[in-house]
Structures are given as C-alpha cells and as structure tokens.
Amino acid sequence: QKEVEQNSGPLSVPEGAIASLNCTYSDRGSQSFFWYRQYSGKSPELIMFIYSNGDKEDGRFTAQLNKASQYVSLLIRDSQPSDSATYLCAVNVYGQNFVFGPGTRLSVLP
Amino acid sequence: DTAVSQTPKYLVTQMGNDKSIKCEQNLGHDTMYWYKQDSKKFLKIMFSYNNKELIINETVPNRFSPKSPDKAHLNLHINSLELGDSAVYFCASSQGFRGLFSNEKLFFGSGTQLSVL
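Remember, it's a predicted structure, so these values are computed and weren't measured experimentally. (Residues numbered from 1 in each chain as written. Chains lettered and ligands numbered in written order. Predicted model: local features only at pLDDT ≥ 70, side-chain atom pairs only at ≥ 80, totals over all residues. Heavy atoms only, no water.)

A. Main features of the nonpolar core. Counting 25 residues, the largest nonpolar core has A:Trp35, A:Val72, A:Leu74, A:Ile76 and A:Tyr87 as its most contacted members. Among the elements of the structure, strand E3 (19-25), strand E4 (30-38), strand E5 (45-50), strand E7 (61-66), strand E8 (71-76), strand E9 (85-93) and strand E11 (104-109) of chain A are those that each provide at least two residues to this core. With five residues, E9(A) is the largest single contributor of residues to this core. The next biggest cluster of nonpolar side chains, apart from the first, holds 19 residues, and it includes B:Trp34, B:Phe47, B:Tyr89 and B:Val116. (Core = buried A, V, L, I, M, F, W, Y, C linked by side-chain atoms within 4.5 Å. Buried < 20%, exposed > 50% of the residue type's maximum accessible area, 1.4 Å probe, protein only. Helix = DSSP H or I, 4+ residues; strand = E, 2+ residues; numbered from the N terminus.)

B. Molecular detail of the interface of chain A and chain B. The partner chain B presents 25 residues to the 24 residues of chain A that form the contact. For the pair chain A and chain B, the summed buried surface comes to about 1,900 Å²; carbon and sulfur atoms form 55% of the total. The largest share of the area that chain A buries against chain B comes from A:Asn97, A:Phe98 and A:Phe100, three residues that together contribute 30% of it. Linking chain A with chain B are four residue pairs in polar contact (both at pLDDT 80 or more). Sorting the residues of the side of chain A that touches chain B by element identifies E4, E5 and E9 of chain A as the ones contributing at least two each. With five residues, the top contributor of residues to the side of chain A that touches chain B is E4(A). Classifying every residue of the side of chain A that touches chain B gives 12 nonpolar, 11 polar and one charged. (Contact = heavy atoms within 4.5 Å. Buried area = accessible area lost by both parts, 1.4 Å probe. Polar contact = N/O pair within 3.5 Å; in protein donor to acceptor, adjacent residues only side chain to side chain. Nonpolar A, V, L, I, M, F, W, Y, C, P; charged D, E, K, R; others polar.)

These figures come from the coordinates and say nothing about function on their own.
Written out as structure tokens, the structure reads:
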C-alpha cells in the first residue's frame, strides 16, 4: 500500500508567522509532489508542485523536497487568516495514480 | 468556463435508490477520476479511466460503476444506495495516466455532497 502521511493538526499559528506543513511518503518511486489547499465545503485547489530536490518558491509559498528522506514540506510565510484551510499533500508515482495524505488543518489566528 | 464541472452539487436520497453524478472536463485531458472524501477529509480514489483502461480501486463496491460516453465525460452511477455512501464525491482529470508524465497535475471538480437517508 502506497502511503502518504501528514499530521492531522490542527496546526495553529498567529497571523504573520510562518506555517510549516510536513508530509512523508513511503514509495521511493514517487516522482512528483503536490500541495492542495481545501477550504471547508470546497474542492481541493492545487497551490504548489515540485519535482526536484530542493526548494521551490511561489509568492508566500515555498515547497521543499528531500527525496533521500522521503519528505516534502510546505512553508507559508506571513500567514493570513485566509490561509486557514486543510492542506493536502499528494504524490504521483509512475505506474500508479495520485495518492493523497489525510490532510493537515491549518488555523491562522488574527 | 469551468475546467472540471460536475452535477449535481447536492444529492439527497433514500436508501436503496439508484443515482448518478455527471462530470465533464474541457481541459482536453486524457484521464478522468472519481474520488470519495469522507467526513475526515481523506480523499480516496475510486476509479481512474482513460480511453484505454479502467482502473478500479478494489475496495469500491460493485454498486458503483463509472460510465464514460467520451473522453470529456465520466459519470458515476450508484445502485442500491446505502447510508455509508454518504460523502463528498469529486471528479478530477489529468493529462497523463498513472504517472506517465512526471509533470502531470490533477484538477478537481466542485464536488457532489451525497446524503443518503
């Protein structure tokens, strides 16, 4: 069974702080990695993707990938109350379908 | 234009009924999916389908059946609905299939909240 694991949270951070979300995966064949944001009652929305080891930045979001340690993380700088949502980590494995983690609920406190 | 659209948004029905959820994508993608999201927000794949291959998650009851009239549509038909079928069902699509393209991405429809009474 291919697994993707995340802390379920909730993770609470004050407004303006850095939120750090972590994800580990079990399949070394995983080739691409995604972060989806899901607001309550809405569908998952792709916010970041990363394929290579290292960091990838997009605005206030930074995705970090370490294939040797089999983890991927998402940093949200200057967190805003509007960032409060569930963040889903997903991996794409050659020969498999996308696999999702259980999600981490983030709460940004004003 | 909505990239992946599904209808209805809400579906309330009685146990034992048969119902369908429709999905359409205008992204030109080759692969479509159905996911089930339970009350704990866990997204679990039910089916993936492209024009050549249907992959069924072995845990999905055979009361659930996908039907694809063409590449842009993948409907979900459910027979003999049970209380445990209550969940949110998401349609999704991607360009590739089973990780064929390392850069393929998954896009979701808006979801159908199914409530079985």
